[in-house]
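# Architecture and fold: a report
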Amino acid sequence: MLRKIASNLLPGFVLCLLCASQVQARDGYKIQLKFTDIKDSLVYLAHYYGKPLPTIYKTDSVKVDKNGVGVMQSKEKILGGIYMILLSDKKTYFDFLLDNGDDIGINITVKTLPQSLKYTGSQQNNDFIAYGEFLNGYGQKQEQISEGYKNAKTKADSAALEKQVKDAAKELYDYRENYIKSHPKTLLAKIFSALELPQVPEGPHYTADGKVDSAFGYLYYKAHYWDGFDLRDDRLINTPLYDAKLDEYINKLTLQYEDSINKEGDWLLAKTRGTQELFKYTLWWLTNNAGNSKIMGMDASYVHFVENYYMKGDATWLKPDELQQYITAARKIAPNVIGNVAPELKMKDVNGKEQSMHAIDAKYTLLVFWSPDCGHCQVELPKLDSTYKAVLKAKGVRVYAVSTYDEEKMWKDFLKKNPGMQEWTNVWDPEHQSRFREQYNIYMTPIIYLLDDKKIIRGKQIDYSNIAGLIDMLERNKKTKSK
């Protein structure tokens, strides 16, 4: 009899399970807002994307009624993260956690934000508020410690303050770690974990031959930098964390040479491959960071990322014309990256005689692109000439100077006013046969390249003030390699 009853109940029990599963799997969100001190006003739902304000992305809006009530609702799947409710003034806002499928109620008193926030249906957001209150207390302690340092008079005072700093840092670390252990599957736990920085073990530390390892702290910190950041969880892109993490890792922890940047960039892209937003942001960030870098040689990394990812079909989110812009830029840069043999140039000198750049027999060649109508050139070229006479000529340098301007008289008049430049090989290309603009990506003037005796590019976009230093560095590197 009992078995029969159980059998009869089973279909209903299974149906309940299915219904529960359907409820849990519901896409979208429902956010019920209740303001106590605003009404008849438009508010927006927005989220971060990789970096802090002011970059935000609006996804929804609602007009709060005369009772201060508004409901935002969607059945479309969303990517969770740190979202915000932004008021109509576009300045006042508060952060909260939102995940796909959430049904949240929020009570708000604007004049006492964020203390007034009360959530229903989301314990995680109440925990988020508690964390904010903890941070306020933490910040007050930091201010007190800063004041203490101003008034410290003895080593004992400083030691006591250093202990307070360590104790406060440990308290913050423990707060996050305890939450992660207690609520490991929550979005807030993922955020706390992503916030953590490597804790370098106290030393001293030694190398294999028994010497003190002065690089241990840096190497350990770099090796464990991404331990807490889940590079497979796209929700973390909708937070203000990722851009700053990338900046510190690539621009501060990684040696600023193209090979190092390429290696670390490839590692990050391999880790994020298969995600949608993290991979997209990582590739965009690495490419544009290299392209905008002021460090000589980083354009080679730009070419690397374009050739190995954009041109191989990985940037699926780009429109064809957008993709072509990256490819075109990389093709302009590729022939003249540092380490390549400089493309040959053959142009006419002031007497109409053809001069080959590769035929110049010199330990180093300065390839200078300039224009007599360029105000910056009018200032820089005489300085370059003075540096050439004072320092560079003795180092075995010769100059191949290309006028990018098509007006012959202005070119020759400038050379007459600066007779020292007549010692250079001065050329121009009135028939536009050399394709120097495409070969060397000349979009402005002056642009200076440094070539070695084999006409390999050793420096680019340099100026008169750092040429001698670059040559000295190259000479030191030669001696080091020869030992």
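In this text the structure is predicted, and so the values were computed from the model without any measurement.

## Observations concerning the overall build of the protein
In terms of helices and strands, the protein carries 14 helices and 15 strands. Out of the 483 residues belonging to the protein, those deemed buried represent 42%. Contacts in the protein between residues at least 24 apart in sequence constitute 66% of all its contacts with a sequence separation of at least 6. About 26,900 Å² of surface is accessible on the protein, with carbon and sulfur atoms providing 53% of the total. Charge separation in the protein, taken as the distance between the mean sites of 66 positive and 62 negative side-chain charges, equals 1 Å.

## Quick word on the pattern of salt bridges
In this structure the tally under the stated criterion is 23 salt bridges. With its nearest N and O atoms 4.0 Å apart, the salt bridge here joins K51 to D243. Placement of K51 in the loop between β2 (41-47) and β3 (57-64) and of D243 in helix α6 (residues 242-253) is noted, with a sequence separation of 192 residues between them. Its relative accessible area of 26% is what places K51 among the partly exposed residues. In this structure D243 comes out as buried when scored by relative accessible area, which is 15%. Two residues, K170 and D174, come together in a salt bridge whose shortest N-O distance is 2.7 Å. With K170 and D174 both in helix α3 (residues 155-182) and four residues apart, the pair spans about one turn of that helix. For D174, a relative accessible area of 26% gives the class partly exposed. Sharing partners across several salt bridges, the network here consists of D99, K190, D230, D233 and R235.

## Quick look at the nonpolar core
One finds W226, F229 and Y242 to be the most contacted residues of the largest nonpolar core, which totals 56 residues. Of all the elements, helix α8 (residues 277-291) adds the most residues to this core, at seven residues. With sequence-adjacent residues up to four places away left out, W226 is seen in contact with L231, Y242, K245, L246, Y249, W267 and L268. L366, W370, Y388 and L474 belong to the second largest nonpolar core, which has 27 residues in total.

## Quick word on the environment of T109
Of note, T109 is situated in the loop between β7 (102-108) and β8 (118-120). The exposure class of T109 is buried, given its relative accessible area of 18%. Spatially, the C-alpha atoms of T109 and F35 are 5.9 Å apart, while their sequence positions differ by 74 residues. Non-local contacts of T109, meaning those with residues more than four positions away in its chain, are made with T36, D37 and S116. Within the local environment of T109, its side chain forms a polar contact with the side chain of T36, the two groups lying 2.7 Å apart.

## Concerning the sheet that holds strand β4 (residues 69-74)
Reading across from one edge, β4-β1-β7-β8 is the order of the four strands in this open sheet, with mixed pairing throughout. Two strands close off the open sheet at either side, each with one partner strand: β4 and β8. Averaged over all neighbouring strand pairs, the angle between strand axes comes to 15°, with direction disregarded.

## Here we look at the sheet that holds strand β6 (residues 93-98)
Strand order in the open sheet formed by four strands is β3-β2-β5-β6, with antiparallel pairing between adjacent strands. Looking at which strands have only one partner, the edges of the open sheet turn out to be β3 and β6. Geometrically, the sheet is characterised by an average inter-axis angle of 25° between neighbouring strands, direction not taken into account. In this structure, β2 lies alongside strand β5 (residues 81-86), joined through four bridges in antiparallel fashion. Its bridge partner being in β5, Y44 is matched across the sheet by L86. Docked against the sheet, helix α4 (residues 187-195) engages β5 and β6, running at close to 110° with respect to β6.

Basis of the calculations
- Residues numbered from 1 in each chain as written.
- Predicted model: local features only at pLDDT ≥ 70, side-chain atom pairs only at ≥ 80, totals over all residues.
- Heavy atoms only, no water.
- Helix = DSSP H or I, 4+ residues; strand = E, 2+ residues; numbered from the N terminus.
- Buried < 20%, exposed > 50% of the residue type's maximum accessible area, 1.4 Å probe, protein only.
- Contact = heavy atoms within 4.5 Å.
- Areas by Shrake-Rupley, 256 points an atom, 1.4 Å probe, with all protein chains shown as cover.
- Lys, Arg positive; Asp, Glu negative; His and termini not counted.
- Charge placed at Lys NZ, Arg CZ, Asp CG, Glu CD.
- Salt bridge = Lys/Arg side-chain N within 4 Å of Asp/Glu carboxyl O.
- Core = buried A, V, L, I, M, F, W, Y, C linked by side-chain atoms within 4.5 Å.
- Polar contact = N/O pair within 3.5 Å; in protein donor to acceptor, adjacent residues only side chain to side chain.
- Pairing = 2+ DSSP bridges.
- Axes fitted to C-alpha atoms, helices over the stretch in contact; angles between N-to-C directions.

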